[in-house]
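A structural walkthrough
Chain by chain, the residues:
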Amino acid sequence: MMPWLTGRFGNPSGSHAVARAARTVIEDARDQVAGLLGGQPREIVFTGGGTEAINLAIGGTALANQPGTIITSAVEHDAVREAAAARVAFGEVHAVASVDHNGVLDLPQLTELLNKHVRIVAVMAVNNEVGSIQPIAEVIALARTHTNGALVLVDAVQGAVWLDVATHCASADLLVISGHKFGGPQGVGALLVKEGTRIGPILHGGGQERERRSGTQNVAGIVGLAAALQAAHDDRAALVSRVTPLRDRLVDGLLNAIPEASETSERHTKVAGNAHICVAGVESESLLVLLDDGGICASAGSACASGAIHTSPVLQAMGVGADRAEGALRMTLGATTTSDDVDRALSVVPVAVDRLRRSPV
Ligand code: PLP
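This write-up is about the structure you can find in this document. Bear in mind that the values here come from a model prediction, so they are computed numbers and not experimental data.

Re the overall build of the protein
Secondary structure summary: the protein contains 13 helices and 12 strands in total. Against the globule reference of 21 Å for 361 residues, the protein gives a C-alpha radius of gyration of 21 Å, in line with a compact fold. Reported as C-alpha extents along the three principal axes, the dimensions of the protein are approximately 65 × 50 × 35 Å. Expressed as a percentage of the 361 residues in the protein, the buried residues total 53%. Taking the contacts inside the protein whose residues are at least 6 apart along the sequence as the reference set, 71% of them involve residues at least 24 apart. Split by element, the accessible area of the protein, about 15500 Å² in all, is 53% carbon and sulfur. Charge separation in the protein, taken as the distance between the mean sites of 28 positive and 37 negative side-chain charges, equals 6 Å.

Side note on the side chain of S73
Turning to its location among the elements, S73 is positioned in strand β2 (residues 69-73). A polar contact is formed between the side chain of S73 and the side chain of E76, at a distance of 2.6 Å. Those residues in contact with S73 that sit more than four places away from it in its chain are V96, A97, L105 and A122.

Considering the pairing of strand β4 (residues 118-124)
Along β4, seven of the seven residues are buried, which leaves the element largely enclosed by surrounding structure. As judged from the four bridges shared by β2 and β4, these two strands associate in the parallel manner. For T69, the partnering residue across the bridge sits in β4 and is V118. Bridge count for β4 against strand β5 (residues 151-155) is five bridges, and the pairing is parallel. Each bridged residue has a counterpart across the sheet, and for V121 the counterpart in β5 is V152. Between the parallel pair β4 and β5, the chain is carried across by helix α6 (residues 136-146), and the sense of this crossover is right-handed.

Some points on the environment of H168
Within the secondary structure, H168 is located in helix α7 (residues 165-168). With 43 residues separating them in the primary sequence, H168 and A125 have C-alpha atoms 8.0 Å apart. In this structure H168 touches A125, I133, Q134, I136, A137 and L163, once residues within four positions along its chain are discounted.

Topic: the site of the ligand
Near the ligand lie 13 residues; those nearest to it are G50, T51, D155, Q158 and S178. Contact between the ligand and G50: an oxygen atom at 2.8 Å from a main-chain N or O atom of the residue. T51 is positioned with one of its side-chain polar atoms (N or O) 2.6 Å from an oxygen atom of the ligand. Bound to the protein, the ligand loses 85% of the 390 Å² it would expose on its own.

Criteria and thresholds
- Residues numbered from 1 in each chain as written.
- Predicted model: local features only at pLDDT ≥ 70, side-chain atom pairs only at ≥ 80, totals over all residues.
- Heavy atoms only, no water.
- Helix = DSSP H or I, 4+ residues; strand = E, 2+ residues; numbered from the N terminus.
- Rg over C-alpha atoms; globule rule 2.2 N^0.38 Å.
- Buried < 20%, exposed > 50% of the residue type's maximum accessible area, 1.4 Å probe, protein only.
- Contact = heavy atoms within 4.5 Å.
- Areas by Shrake-Rupley, 256 points an atom, 1.4 Å probe, with all protein chains shown as cover.
- Lys, Arg positive; Asp, Glu negative; His and termini not counted.
- Charge placed at Lys NZ, Arg CZ, Asp CG, Glu CD.
- Polar contact = N/O pair within 3.5 Å; in protein donor to acceptor, adjacent residues only side chain to side chain.
- Pairing = 2+ DSSP bridges.
- Right-handed = clockwise from strand over helix to strand, strands pointing away.
- Near = heavy atom within 4 Å.

Given below as structure tokens:
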């Protein structure tokens, strides 16, 4: 990324040499990203992140297709949930497909929702809170069988590190990734729009990205996104085999050391980097403050832009009671997590819980 951040500021739409060089690296990145996602370069639209790509997928296809029903799973990220809800003002219907106690889509219930009025089905590859892996191939097969050509949108923002998206999400009509979830820069993402999918622009202007996303491209960001996606792909098997035992040691250690703590969902349903427990008798918000003091970066249900924690709709959808959900603790492991980090978490978290239980804030 450095040449494009430190002096080579050519506008990729220009015609002089520096501009052409910028255009070339964007097209190289497009080829690379398309190959890694199992698509064609002309199907890739670079965006300003996952949220924008999701809004383009839901709102842009609305511009070019008859209105209908948008089905989202009950555990989608706010970007999908809110983009779908926003379409109701334009006469579309938003239906929600439920999940089981592991946060995995309930396929029979989804089937009941499918009919000829469904315009788009949006399901994430991997959930951002509990790490559940969704059965994307089955969702696509059901949508093809039980609807009149409904599009399938896969939010693969959390999946790209842990899964081979090209295989797991094969033949999705719309597929979203975001750079900062696999070691790339923030504020850059991509939407794969399968050839033949009708979609209009939600950003109007200079007509970049084949008229699908106007605005001068983020050259350094796109170069970084492609390089990071390649690295994530190349390192995936090693990452999963290194992180799985670390995660297991962390969760088992916490459950052993903290009375009345429970694992939120079954481990075999989730990706290797996700550790999620519920701690009875403490409030996540207070626990996170103590953990932060102890140098542990953890999370609860989900945090909105203000940083305020609200009861997680994901845990609610999984049927986790309010008493358990109140003490939700999510710790994510990844490429930079070491065994020492796990040791540290195992020494800090139980002490913090104990302290809160003795004198709740
Ligand atoms: N989808 C999921 C599952 C996410 O976890 C996130 C971000 O955390 C997004 C979408 C939004 O992506 P971005 O932050 O790039 O807008």
